[in-house]
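# Architecture at a glance
Listed below, chain by chain, are the residues.
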Amino acid sequence: MFKQRVVFVHGAGSFGSAAWPRQHGMALTYDALFLRRHGFDSVAEPVESSFAEDTAIVLRSLADDGRGAAGGHVVAHSQGAISAMMAAVERPDLVYSLTLVEPACLSLTAELPATAAHRELMQPLFDVRHQLGDEDFQREFVRRVYAADLQEPATQEERRSARRLRLQAPAWEAPLHIVPGVPTLVLTGGWEPLYEEIAGYLRETGALHRIAAGGHRPQDSAEGDHAIRAFVGDVSRGRSARAS
């Protein structure tokens, strides 16, 4: 039986299937791909992030790679939402639906107050990120974003994670300035005005907006997981009905 593809795009932390523990079971119904963004690898050293490379990875995952059809649904978290939206802007014919979880699409809301305040807080840190060590940058990043202290990285993977974070370009530099015309769900945790502001902007352009428990990872809650599955399922059934 033919399965519609669902592509999962992670944020700045865990990657691949590890970033989507609640959604593994969707592979029973869909052709599920859990991507790794540019510079995210369990063995190779991290490299500078690239919005263009990430977008290309998403688009390649939606190609007809022998399954008989191109296209699919895209589910993306935080920074991963940038390349997901850029892919949908470039090739809306390939993107059946977008599910954006706490999307870090700051270039869309650059003039709005919460986004402007966030950039004012974080810009000085990103301006000197190439002069800072990985752990120093990560410690200050967490302190500014979450108002919390962070333990020193203890393992090789934790040190790689700190380097990946420092090598991520600031989200407000993404060349993303228009919203694709595809069915879109925005899922937020209701904890941070920045993400609620972005969700509000996208809602005004036609997206659905749902709030679920879980802070910055609402996809890990039962309510958030249900919202993702229900939205993708509704769009999937609609496409199947039109095709029959």
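Check the entry above for the structure.
Now for a quick tour of the structure. (Residues numbered from 1 in each chain as written. Predicted model: local features only at pLDDT ≥ 70, side-chain atom pairs only at ≥ 80, totals over all residues. Heavy atoms only, no water.)

Right, let's get into the environment of His177. Mapped onto the secondary structure, His177 falls in the loop between α5 (156-166) and β5 (184-188). The spatial distance from the C-alpha of His177 to the C-alpha of Ser107 is 6.4 Å, given a sequence separation of 70 residues. Look past the residues within four positions of His177 in its chain and what remains in contact with it is Ser107 and Leu108. (Helix = DSSP H or I, 4+ residues; strand = E, 2+ residues; numbered from the N terminus. Contact = heavy atoms within 4.5 Å.)

Glancing now at the sheet that holds strand β6 (residues 208-211). Reading across the sheet, the six strands line up as β2-β1-β3-β4-β5-β6 and stay open at both edges, with parallel pairing between neighbours. Each of the sheet's edge strands pairs with one partner strand only, and the pair in question is β2 (31-34) and β6. Going across the sheet, the axis of each strand differs from the next one's by a mean of 15°, ignoring polarity. As paired elements, strand β3 (residues 72-77) and strand β4 (residues 95-101) share six bridges and run parallel to each other. Looking across to β4, one finds that His73 is bridged to Ser97. (Pairing = 2+ DSSP bridges. Axes fitted to C-alpha atoms, helices over the stretch in contact; angles between N-to-C directions.)

Let's shift gears to the packing of helix α1 (residues 51-61) against helix α2 (residues 80-90). Look at α1 against α2: their axes get within 8 Å of each other, and the N-to-C directions meet at 65°. By the angle class used here, α1 and α2 are roughly perpendicular. Classified by chirality, the crossing of α2 by α1 is right-handed. Contacts from Phe51, Asp54, Thr55, Val58 and Leu59 of α1 reach α2 at Ile82, Ser83, Met86, Ala87 and Glu90. A breakdown of the residues in the contact of α1 with α2 according to their chemical character gives six nonpolar, two polar and two charged. (Parallel < 35°, antiparallel > 145°, perpendicular 65-115°, else oblique. Left-handed = near helix turned anticlockwise from the far one by under 90°. Nonpolar A, V, L, I, M, F, W, Y, C, P; charged D, E, K, R; others polar.)

In this structure the tally under the stated criterion is nine aromatic pairs. With centroids separated by 5.3 Å and ring planes inclined at 50°, the aromatic side chains of Phe8 and Trp20 adopt a geometry described as tilted. With a gap of 12 residues between them, Phe8 in strand β1 (residues 5-9) and Trp20 in the loop between β1 and β2 connect regions that are remote in the sequence. Ring centres of Phe126 and Trp172 lie 5.4 Å apart, and the angle between their planes is 80°; this geometry places the pair in the edge-to-face category. Linking Phe126 in helix α3 (residues 113-127) with Trp172 in the loop between α5 and β5, this pair joins segments that are 46 residues apart in sequence. Side by side, Phe126 and Trp172 carry an identical accessibility label, which is buried. (Phe/Tyr/Trp six-rings, centres within 6.5 Å; stacked < 30°, edge-to-face > 60°. Buried < 20%, exposed > 50% of the residue type's maximum accessible area, 1.4 Å probe, protein only.)

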